[in-house]
Amino acid sequence: MRRTYLGEFEELVLLMIAILDGHAYGVTVSQEIEQHTGRVVTFGAVHNTLIRLEEKGFVTSQLGGATTERGGRRKRLFKVTTLGKSALTDIQQLRNKLWTLMPDATLKLNGL
């Protein structure tokens, strides 16, 4: 089976969906990324990533109930699939392994 990799932004969005635990939709994902990383992201970038993650099978979505705050429009809520959870675990393990391989002096800044 061919392995599907996550891009850096895909990983970030997938992590936010997992953190939001059933309350993830485009706006909340964008807000959480900005709040936790200080990174300004466009709604379009998040929306396209959500669609791509769903196409890859890392997330599923369903329409939530209509709310008055959104003028009666329904939210498309996302949650992480088993494949998505596996991908997050794999990438966490890989990163942890690579960090342990780095020599201690590598990240020391001279003169600081």
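Above: the structure in question.
All of these numbers come straight from a predicted model, not from anything done at the bench.

Side note on the overall build of the protein chain
Counting secondary structure elements, the protein chain contains four helices and two strands. For 112 residues, the compact-globule estimate of 2.2 N^0.38 gives 13 Å, and the C-alpha radius of gyration of the protein chain, at 17 Å, exceeds that figure by more than 25%. Its C-alpha atoms give the protein chain principal-axis dimensions of about 55 × 40 × 20 Å. Put simply, the protein chain has 112 residues, and 31% of those count as buried.

Details of unusual backbone geometry
Within the chain, Asp 21 stands out as a residue other than glycine whose phi angle is a positive 45°. Structurally, Asp 21 can be placed in the loop between helix 1 (8-20) and helix 2 (26-37). Under the relative-accessibility criterion, Asp 21 is labelled exposed at 63%.

Some words on the environment of Gly 57
Turning to its location among the elements, Gly 57 is positioned in the loop between helix 3 (43-56) and strand 1 (59-66). Distance from Gly 57 to Thr 82, taken between C-alpha atoms, is 8.9 Å for residues 25 residues apart in sequence. Beyond its immediate chain neighbours, meaning those up to four positions away, Gly 57 contacts Thr 81, Leu 83 and Gly 84.

Focus on the side chain of Ser 61
Residue placement: Ser 61 occurs in strand 1. Here the side chain of Ser 61 touches Glu 54 through a polar contact of 2.8 Å, side chain to side chain. Side chain to side chain, Ser 61 and Arg 76 meet in a polar contact 2.9 Å long. Excluding residues within four positions of it along the chain, Ser 61 makes contact with Glu 54, Arg 76, Leu 77 and Phe 78.

Quick word on helix 3
Counted at 1.5 Å a residue, the expected span for helix 3 with its 14 residues is 20 Å, and the 20 Å between its end C-alpha atoms agrees. Where the residues of helix 3 are buried, they touch helix 1, helix 2, strand 1 and strand 2 (74-80). Looking at the residues trailing helix 3, positive phi occurs at Gly 57, about 85°.

Section: the side chain of Thr 49
Looking at the secondary structure, you find Thr 49 in helix 3. A distance of 2.7 Å separates the side chain of Thr 49 from the backbone oxygen of Ala 45, its partner in a polar contact. Among all residues touching Thr 49, those that are not within four sequence positions of it are Phe 9, Glu 10 and Val 13.

Some details on the nonpolar core
Phe 9, Val 13, Leu 14, Ile 17, Val 29, Ile 33 and Leu 53 are the most contacted members of the largest nonpolar core, which has 21 residues in total. Of all the secondary structure elements, the ones that give two or more residues to this core are helix 1, helix 2, helix 3, strand 2 and helix 4 (82-101). Here this core gets seven residues from one element, more than from any other, and that element is helix 1. Ignoring any residue separated from it by four or fewer positions in sequence, one finds Ile 33 in contact with Phe 9, Leu 12, Val 13, Met 16, Gly 38, Arg 39 and Val 41.

Each value, and the rule that gives it
- Residues numbered from 1 in each chain as written.
- Predicted model: local features only at pLDDT ≥ 70, side-chain atom pairs only at ≥ 80, totals over all residues.
- Heavy atoms only, no water.
- Helix = DSSP H or I, 4+ residues; strand = E, 2+ residues; numbered from the N terminus.
- Rg over C-alpha atoms; globule rule 2.2 N^0.38 Å.
- Buried < 20%, exposed > 50% of the residue type's maximum accessible area, 1.4 Å probe, protein only.
- Contact = heavy atoms within 4.5 Å.
- Polar contact = N/O pair within 3.5 Å; in protein donor to acceptor, adjacent residues only side chain to side chain.
- Expected span 1.5 Å × (residues − 1).
- Core = buried A, V, L, I, M, F, W, Y, C linked by side-chain atoms within 4.5 Å.

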